[in-house]
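Given next are the chains, with one letter for each unit.
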Amino acid sequence: MSTTAAPPSQEGGFTRRDFLRRLGYAAAVTVAAGGLGLWRHDAQGPVVQSPKKVLSGLGDFSLPNFRGEAGKMAIAEGLDRAQTVGRGLEALGGMGAFIQAGDSVLIKVNAAFATPPALGATTHPELLAAVAKLCFQAGASQVLVTDNPINDPLTCFRISGLEAAAKQVGAQLILPRPALFQPVSLPTGRLLQQWPTLAGVFTGVSKVILLSPVKDHQRAGASMTLKNIYGFLGGRRNIFHQDINGIITELALLLKPTLCILDGTVAMVTNGPTGGSLSDLKETGAMVIATDPVAADAVGVEILGRRLDDIPYIRMAAAAGAGLADYERLKPVVIPAK
Amino acid sequence: MPAKRTRPVSTAQQLTGLIILATLGLILVWLLVQQSRFNPAVTALQTPRSTAVAKAGPAASPQATALVPQVAGFTPLGPVQNFGPENLSDKIDGKAELYLSAGFRTLAVQSFTLTQPAGAYLEVFLYDMGEPQNAYAVFSSQRRPGSTGLSFRPNAYATTNALFFTAGNFYVEMILDRAVPDVAAVLEPFTTALVANLPAAAEGGNPAALFPQRGLVADSVRLQAADAFGLAGFNNVYTAEYSVAGAQATAFLAQRPDAAQAAAEARRYQEFLQANGYRAVQNPTIPENITILTLEDFYEAIVVVEQTLAGVHEAPSLAAALDLAKTIQEALTRKR
């Protein structure tokens, strides 16, 4: 049987068979490379190094009867923090309306900087002491105090006077440590995906109170209640400053607190959030107590002498369903200074 | 030696080659799209801080430690802490971008307790901004209105509890935890020793002298190092507040290497304003070499005199914008 060779090409001996064979080789290499890529492809992306479960948020601690337009708000005027917070809460039914016997309360303060309380860059220790005391009086079994200041947390709590204030009233200070962090992926989040958060401090907690100062903020325009939640984030969170309104909007969805206490007794009206000069501060004489963090910040904007248009994240958070930017819908109780 | 191709490639071969190239191109595009959607959480988890708790600042460098003086009556509460561009936000989260955009290099911080007033807490921030102009930018942009100017440095002022100044490439903040009757006197021994430690460097010119003096609000000159008025790349722009035509307005001034660059940047600024809804004002009282634009109740003016681009920002009336623009133009023309 004779072999039927493909007809030689007229020029150079390159036959149809040669072409098909080479095409086959090329296809095989392509398929092999593609297959290798597919085999090695990680559809999930880099996974969290910690084996901890990825959370979808930090929890909803709001009270069912105070949600949406049923939320409560009081604005107490005056310069004595213990008095204004007491009178404001009284107008809403007392701390007992929010904290019941046996509750384990987590108070999130703003302890971002190692600065003395007089400079107004952190939650004022007098306010922390007053609120923690009211929680105990309402029957709380324990009061925990926390924040995640990036630079040397213990020094921040110590210099700001918050450590001493917590100790004074028997509240327990929780400093951030690796074991307390757990990744969160916010279901509707664009930025908060597998991001480490201080989730461990919520273990066993039944109520959450945010204690925040009213401050100007160089990047966000204002740092108040919603920005305070930023302190639950770990990692190199400063990268979020490139989309500060976006991240604060997502933070508003990350946690639903029981109560928000926004301290506008003295507001940092310029050079925030660090300030430094006493001339950055202004006596504004208002303590805002609200169940809705967005509404609380909407009042804070007015305390700073600004408009909602100046602080875009408030309307963005409201649009995302985190609360009401029109705080009047909560029918705030205004308590004039004595 | 490989055989040379002796006949043209067939259409089928060409088509096959093109399909393979197109496929590779599509893969490349897909890879680029995926890269652009990079999740920053990966960085957060892969850094040494993956456990999410940051460590204290890096160890103090001998150089920075040497710059912060040890002075009797000022007892250090800890070692000097150093921060660089990568971790400045650890110390001043929320304000780091202000410094980074102005050329920040390093920050040395140390806290002290004072014997006089007894127990007072002092924190000293020593920012190396790389250039005197950068130091001036962060100094001026945070200047507290109504503060007391000090004469020991060309750029220095005090408030009731703090002292702020520039020294060459450095911007210094000295912050007490309380108001004192004369903060400059309280801190004087430390300030003198600190300034003596800092490397000698020229301060640069007096920025206030760049502006016409009529109507200029004292101590209102600022330097915006980057992205002035929201325009990306509109850098190194001096601003000053004026009382003019019964209103307040902001003048601005930026010096560029040559007239062509100044003119090009003026066009870019005008286009930026128009893209944001401003429209040119046509009025016979407006000189040809001054451009006025308006949006709602705000007026902007743009002037170019040789290599200087100048103008008026957010004047509340046409009269105020025009008056100030003419004043600036005349002053710049006289200086030619």
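This structure is a prediction, so every number in the text was calculated from the model and none was measured. (Residues numbered from 1 in each chain as written. Chains lettered and ligands numbered in written order. Predicted model: local features only at pLDDT ≥ 70, side-chain atom pairs only at ≥ 80, totals over all residues. Heavy atoms only, no water.)

A separate point is the overall build of chain A. Helix and strand counts for chain A stand at 9 helices and 13 strands. The C-alpha radius of gyration of chain A comes to 28 Å, more than 25% above the 20 Å expected for a compact globule of 338 residues. Counting only C-alpha atoms and orienting by the principal axes, one finds that chain A spans roughly 115 × 40 × 40 Å. Considering chain A as a whole, with its 338 residues, one finds that 57% of them fall into the buried category. The long-range share in chain A, meaning contacts at least 24 apart out of those at least 6 apart in sequence, stands at 74%. Carbon and sulfur atoms make up 55% of the accessible area of chain A, which totals about 14000 Å². (Helix = DSSP H or I, 4+ residues; strand = E, 2+ residues; numbered from the N terminus. Rg over C-alpha atoms; globule rule 2.2 N^0.38 Å. Buried < 20%, exposed > 50% of the residue type's maximum accessible area, 1.4 Å probe, protein only. Contact = heavy atoms within 4.5 Å. Areas by Shrake-Rupley, 256 points an atom, 1.4 Å probe, with all protein chains shown as cover.)

As a further point, take helix H9 (residues 312-319) of chain A. All names here are of chain A. Residues of H9 that are buried include every one of Tyr313, Ile314 and Ala317, and no others. Down the axis of H9, the smallest arc covering the buried residues is 105°, so these residues share one side. Elements that come into contact with the buried residues of H9 comprise strand E9 (221-223), helix H6 (225-228), helix H7 (244-254) and helix H8 (293-303). Where H9 terminates, the next one or two residues include glycine 321, which has phi positive at roughly 95°. (Arc of directions from axis to C-beta.)

There is about 1800 Å³ of room inside the largest pocket. Forming the boundary of the largest pocket are 43 residues, of which Asp216 and Gln218 of chain A together with Leu98, Ser141 and Gln224 of chain B lie nearest the centre. At the level of secondary structure, the elements contributing two or more residues to the lining of the largest pocket comprise strand E8 (207-217) of chain A together with helix H5 (96-100), helix H6 (132-141), strand E9 (222-224) and strand E10 (237-244) of chain B. A breakdown of the residues in the lining of the largest pocket according to their chemical character gives 12 nonpolar, 16 polar and 15 charged. Split by domain, the lining of the largest pocket shows at least three residues from each of two domains, domain 1 (62-197) and domain 2 (207-335) of chain B. (1 Å grid on protein atoms, 1.4 Å probe; cavity = no way out; pocket = protein on both sides within 12 Å on 5 of 7 lines; lining within 4 Å. Points joined across faces, edges and corners; volume = space filled by probe spheres on them. Nonpolar A, V, L, I, M, F, W, Y, C, P; charged D, E, K, R; others polar. Domains from an automatic or database assignment.)

All names here are of chain A. The contact between helix H2 (residues 81-91) and helix H3 (residues 125-137) brings their axes to 8 Å, and the two run at 40°. Between H2 and H3, the angle is such that the two are oblique. In terms of crossing hand, the pair formed by H2 and H3 is right-handed. Across the interface between the two elements, Arg81, Ala82, Val85, Gly86 and Leu89 from H2 touch Glu126, Leu127, Ala130, Val131 and Leu134 from H3. Taken together, the residues that form the contact of H2 with H3 break down as 7 nonpolar, 1 polar and 2 charged. (Axes fitted to C-alpha atoms, helices over the stretch in contact; angles between N-to-C directions. Parallel < 35°, antiparallel > 145°, perpendicular 65-115°, else oblique. Left-handed = near helix turned anticlockwise from the far one by under 90°.)

Before going further, it helps to spend a moment on H3 of chain A. Residue and element names in this part refer to chain A. The terminal C-alpha atoms of H3 lie 18 Å apart, and with 13 residues this matches the ideal 18 Å at 1.5 Å per residue to within 8%. Those residues of H3 lying buried are Pro125, Leu127, Leu128, Ala129, Ala130, Val131, Ala132 and Cys135. Among the residues trailing H3, glycine 139 stands out with phi positive, at a value near 110°. (Expected span 1.5 Å × (residues − 1).)

Glancing now at the confidence of the model for chain B. Residues and elements named next belong to chain B. For chain B, the mean per-residue pLDDT works out to 87, and 88% of the residues sit at or above 70. Scored below 50 in pLDDT, residues 44-60 makes 46 contacts in the model with residues more than four places away or belonging to other chains. Our summary of model confidence lists the complex with pTM equal to 0.80 and ipTM equal to 0.80. (pLDDT = per-residue confidence, 0-100.)

All names here are of chain B. For strand E7 (residues 162-167), a buried count of 6 out of 6 residues is recorded, marking the element as mostly surrounded by other parts of the structure. The alternating pattern of E7 places Ala162, Phe164 and Thr166 on one face and Leu163, Phe165 and Ala167 on the opposite face, and all of these are buried. The pairing of strand E6 (residues 156-158) with E7 spans 3 bridges and is antiparallel. Within E7, the position partnered with alanine 158 by the bridge is leucine 163. (Pairing = 2+ DSSP bridges.)

Take the packing of aromatic side chains next. This model, assessed by the stated rule, comprises 24 aromatic pairs over all chains. Seen from their ring centres, phenylalanine 104 of chain B and tyrosine 127 of chain B are 6.3 Å apart, and the 70° between their planes marks the pair as edge-to-face. Residue phenylalanine 104 of chain B is located in the loop between H5 and strand E3 (106-114), and its partner tyrosine 127 of chain B is located in strand E4 (residues 121-128); the two are separated by 23 residues in the primary sequence. For phenylalanine 104 of chain B, a relative accessible area of 6% corresponds to the buried category. Among the aromatic residues, those joined into a cluster by ring pairs are Tyr99, Phe104, Phe125, Tyr127, Tyr136, Phe139, Tyr157, Phe164, Tyr171 and Tyr238 of chain B. Across the ring face of tryptophan 39 of chain A, the terminal group of arginine 40 of chain A is positioned such that the distance to the ring centre comes to 5.4 Å. One residue, lysine 108 of chain A, lies across the ring of phenylalanine 232 of chain A, its end atom 5.7 Å from the ring centre. (Phe/Tyr/Trp six-rings, centres within 6.5 Å; stacked < 30°, edge-to-face > 60°. Lys NZ or Arg CZ within 6 Å of the ring centre and 35° of its normal.)

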